[in-house]
Amino acid sequence: RSNALEEWSSLIHMEPEPYYITALSYGNGRLVAIGDDGRVHVSLNEGLTWQQSTLPGDFVINRVIWDGSRFVAVGYDSCVLTSSDGLAWTVKLDYQFGNLSDVAASPSTLVAVGHAIFSGPRNGDLEWRQKPEGTGTLNHVVWTGDAFVAAGSGGSIIHSVPTPDGLAWAKASGSGSSDIRGLVW
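The structure presented is a predicted model; accordingly, all values stated were derived computationally and were not measured.

1. Focus on the pairing of strand β8 (residues 90–94)
Consecutive residues of a regular strand have side chains that alternate between opposite faces of the sheet. Pairing geometry for strand β7 (residues 79–83) and β8, over 4 bridges, is antiparallel. Counted as the bridge partner of leucine 81 is valine 91 from β8. Between the end of β7 and the start of β8, which pair antiparallel, lie 6 residues, with glycine 86 showing a positive phi angle near 85°.

Now the structure itself:
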C-alpha cells in the first residue's frame, strides 16, 4: 500500500489506562511488545492479533532486541531476560545494581549498558565490566561491526577494546558535556 505510513491505529488496547509499551522489537517473524507492568504481547501477523504473556517477576523493561537467535530484554535493577519466542522468558541476570537502558549484540558478544556495563558471550552469562573513570550513566549502545560504542550522560562516549578475558572499555576523545540520548549505526 503506498500510504501505509499515513494511517496509524492502536493495535493493543490494554486496561487500566494509561498503559505504556516500554520496549518493542521484531525478530524471528514476530513482533514483541513489553509493557510497563511486565505484560508481554507477541504478534505473528504484523500486529493484527496479539498473544499475551507475562515476565517471570516484577521487572520494568527499557529495551528489547532480537540478537539473531533470541529476544533479549534489559531494564531496572540491572535485569536481563531472554526468550526464543517472546512468550516464555528466562531471567539471565538480576543484579540489583542500578538500571540497564540498552542492549546490543555482535555476532559473538552481548553488551548491556546503563548505570553499569555487563557483557559476555551471546549465549553465555553476562559479567560486570569496569567503566572508564568519569563515565556517567550510559543511555545507548550500538555494535558498529568492529566495536561497541556506548554514550550517555555528561557527553560520555566510550568504545569497546577486545581483551583475552572479554571486553574492556576506553573513553573516546572529544566527548562533550551534554547528555547523549541516542545512537544510530
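Back to the text.
2. Structural notes on the sheet that holds strand β10 (residues 109–114)
Ordered in space as β9-β10-β11-β12, the 4 strands form an open sheet in which the pairing is antiparallel. Lying at the two open borders of the sheet, with one neighbouring strand each, are β9 (100–105) and β12 (127–129). Between one strand axis and the next, the sheet turns by 25° as a mean value, whatever way the strands run. As paired strands, β10 and strand β11 (residues 117–121) are joined by 5 bridges and run antiparallel to one another.

3. Brief notes about the sheet that holds strand β4 (residues 51–54)
Taken in spatial order, the 4 strands of this open sheet run β1-β2-β3-β4, and their pairing is antiparallel. Only two strands of the sheet have a single partner each, and these edge strands are β1 (21–27) and β4. Within this sheet the neighbouring strands show an average axis-to-axis angle of 20°, counted without direction. In this sheet, β4 lies alongside strand β3 (residues 39–43) in antiparallel orientation, the contact comprising 4 bridges. Its bridge partner being in β4, arginine 39 is matched across the sheet by threonine 54.

4. Comments concerning the nonpolar core
Formed by 14 residues in total, the largest nonpolar core has its most connected members in Ile34, Leu55, Ile61 and Trp89. Contributions of two or more residues to this core are made by β2 (30–35), β3, β5 (61–66), β6 (71–75) and β7. Leaving out residues up to four positions away in the same chain, leucine 55 has contacts with Ile34, Gly38, Val40, Ile61, Leu81 and Trp89. The next biggest cluster of nonpolar side chains, apart from the first, holds 12 residues, and it includes Ile65, Val80, Leu93 and Ala116.

5. A short note on the packing of aromatic side chains
Taken as a whole, this structure holds 2 aromatic pairs when the rule is applied. With centroids separated by 4.8 Å and ring planes inclined at 50°, the aromatic side chains of tryptophan 143 and phenylalanine 148 adopt a geometry described as tilted.

What counts, and at which threshold
- Residues numbered from 1 in each chain as written.
- Predicted model: local features only at pLDDT ≥ 70, side-chain atom pairs only at ≥ 80, totals over all residues.
- Heavy atoms only, no water.
- Pairing = 2+ DSSP bridges.
- Helix = DSSP H or I, 4+ residues; strand = E, 2+ residues; numbered from the N terminus.
- Axes fitted to C-alpha atoms, helices over the stretch in contact; angles between N-to-C directions.
- Core = buried A, V, L, I, M, F, W, Y, C linked by side-chain atoms within 4.5 Å.
- Buried < 20%, exposed > 50% of the residue type's maximum accessible area, 1.4 Å probe, protein only.
- Contact = heavy atoms within 4.5 Å.
- Phe/Tyr/Trp six-rings, centres within 6.5 Å; stacked < 30°, edge-to-face > 60°.

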